[in-house]
Amino acid sequence: MNIRLLVNGSPVELDVPGMRRLLDVLREDLGLTGTKEGCGEGECGACSVILDGQVVDACLVPMSQVDGSTVRTVEGLARRPARSPDRRLDELQAAFLATGGAQCGICTPGMLMAARAYIDAGGGPDEDAIREAIAGNLCRCTGYTKIVEAIAQAATPQAEV
Amino acid sequence: MPVEPRLEVPRTLDEAFATLATAPHRPIAGGTDVMVQITGEIGPAPDRMIDLWRLEELRGIALDGDVLTLGALTTYTDIRRSAVCREHVPALVDAAATIGAAQIQNRGTLGGNVANASPAGDTLPVLLATDAEIVVGGARGERTIPVTEFWVAYRKTGLAPDELVLRVRIPLPAGREVRFRKIGTRRAQAISKVVMALAWRDGGRGWSDVRLALGSVADRPIRARTTERALEGRRPTAETADRAATTLAGEIEPIDDVRSTADYRKVVAARVLHRLVRDAGGW
């Protein structure tokens, strides 16, 4: 099946079986291995990506359903500001670094994408709302406290310094 | 790598019906159930599949007089965001909010929950308690199946192999109250140990049209009709709650499985019902 989509802003055209998982296309066909496979059954959220503005588990999405879509993965978070040679970390990535929101790192890309979708949808620093937003993402290291802190920090409107 | 079954991707419902008329195909909508099966780790993967995701005819939530109609492709996120659902069937919104988490709610569909026919499907007790109807169809035409007749055995539905779930119709009688409660291991990403919906109308002198529906306590979602009779005509008093809870514990016959035990399910179902009646009575 011929599929066209935008991945992190770049157009991609592929000829793949319609039932191939988006996760496998990202990792195997496109080499975007930032998206992790944990459980492969929608329990752990390690493969979370943003599909047309909504967070989804890439292991549960067949390629036939992303033709014409926009996908954002963890590789698409850091961006290059205009007239700058270097990419700058997304505020969520910076906040995870600042708070120690990552340990082994396997859940981190999925956490970042679930949190990005939450903030993009207008989510704020309220702890209960953050915990609900990442309820589909399992972390076995941190106990979540630092992750929630990081997201709250990134979701807090920045006062002008 | 998972297997990649052959897939048809119809653009219209008529195309889908024509494909299904030639041979059975396993439908995929939001994929949250079936994508797990293509790994082949929990049984044979489907051979031929049909992708329903682009069938716009199966989307949309519409209020028509005293009936709410939800297209089969309505996602749990659609339900949670729908002002019409929040106003007219808040219990369905409550159920949608307990399913998986954001990732699952953004893809999983009401039609998929209905067709997948899991005894633990969390919207299904709400559909039973609200006397919903399932509209199904294929090349031979449409028909409407009362939800009480839709799940015929463990994971078996009244759908013919060439038919699809098209819509769910929920009647909205005046004065009906519906409550939903789910018991799982955690608030998100949990498969129910017990899931319950209770509906009634309160005419002032006692409850009427009582419906009590449960999931995860039988081989399919069920109505607890003996307990319904124990509640019918009663006021939500402590005595009513006690009698209904005792009746329910004697009526259901759950099993021990990986998620819970029969004993736990009976005790918890009785306790949850007791609390719903108490909350309704305000005592």
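Computed from a predicted structure; not experimentally measured. (Residues numbered from 1 in each chain as written. Chains lettered and ligands numbered in written order. Predicted model: local features only at pLDDT ≥ 70, side-chain atom pairs only at ≥ 80, totals over all residues.)

Chemist: Whenever I open this one, the domain arrangement of chain B confuses me. Can you help?
Modeler: Interface size is commonly expressed as the accessible surface area that is lost when the partners come together. All names here are of chain B. One can read the domain layout of chain B as domain 1 (59–171) and domain 2 (176–281). On the side of domain 2, 23 residues touch domain 1, which itself brings 23 residues to the contact. Going through the elements one at a time, helix H5 (90–97), helix H8 (124–129) and strand S8 (151–153) are the ones with two or more residues in the side of domain 1 that touches domain 2. For the side of domain 1 that touches domain 2, the element with the highest residue contribution is H8, accounting for five residues. Its residues placed into classes, the side of domain 1 that touches domain 2 shows 15 nonpolar, five polar and three charged. (Domains from an automatic or database assignment. Contact = placed C-beta atoms within 7 Å. Helix = DSSP H or I, 4+ residues; strand = E, 2+ residues; numbered from the N terminus. Nonpolar A, V, L, I, M, F, W, Y, C, P; charged D, E, K, R; others polar.)

Chemist: I'm lost on the packing of helix H2 (residues 91–99) of chain A against helix H3 (residues 108–120) of chain A in this one. Help?
Modeler: The geometry of a pair of packed helices is captured by two quantities: the angle between their axes and the separation between those axes. Residue and element names in this part refer to chain A. Contact geometry for H2 and H3: axes closest at 10 Å, N-to-C directions at 130°. Considering the angle they form, H2 stands oblique to H3. Between H2 and H3 the crossing geometry is right-handed. Seen from H2, the contacting residues are Leu 92, Gln 93 and Phe 96; seen from H3, they are Thr 108, Leu 112, Ala 115 and Arg 116. Partitioning the contact of H2 with H3 into residue classes produces four nonpolar, two polar and one charged. (Axes fitted to C-alpha atoms, helices over the stretch in contact; angles between N-to-C directions. Parallel < 35°, antiparallel > 145°, perpendicular 65-115°, else oblique. Left-handed = near helix turned anticlockwise from the far one by under 90°.)

Chemist: Looking at this model, I keep getting lost on the environment of B:Ala139. Mind explaining?
Modeler: Residue and element names in this part refer to chain B. Here Ala 139 shows up in the loop between strand S6 (133–138) and strand S7 (141–146). Along the backbone, Ala 139 and Arg 271 are 132 residues apart, and their C-alpha atoms lie at a distance of 47 Å. With residues near it in sequence (within four places) discarded, Ala 139 still touches Phe 17, Ala 18, Ala 21 and Asp 162.

Chemist: For this particular structure, what's the right way to read the sheet that holds strand S14 (residues 222–223) of chain B?
Modeler: Working definition: the strands of a sheet are paired by backbone hydrogen bonds and lie parallel or antiparallel to each other. Residue and element names in this part refer to chain B. Across the sheet, four strands lie side by side as S11-S12-S13-S14; this open sheet has antiparallel pairing. Each having just a single partner strand, strand S11 (176–183) and S14 make up the two edges of the open sheet. Of the pairings in the sheet, the one linking strand S12 (residues 194–202) to strand S13 (residues 207–215) comprises seven bridges and is antiparallel in character. When the sheet's bridge partners are listed, Ala 199 is paired in S13 with Arg 211. Here H5 sits on the sheet and contacts S11 and S12; the angle it forms with S11, its principal contact strand, is near 15°. The strands touched by helix H11 (residues 262–281) are S11, S12 and S13; relative to S12, the strand with the most contacts, the crossing angle is about 30°. (Pairing = 2+ DSSP bridges.)

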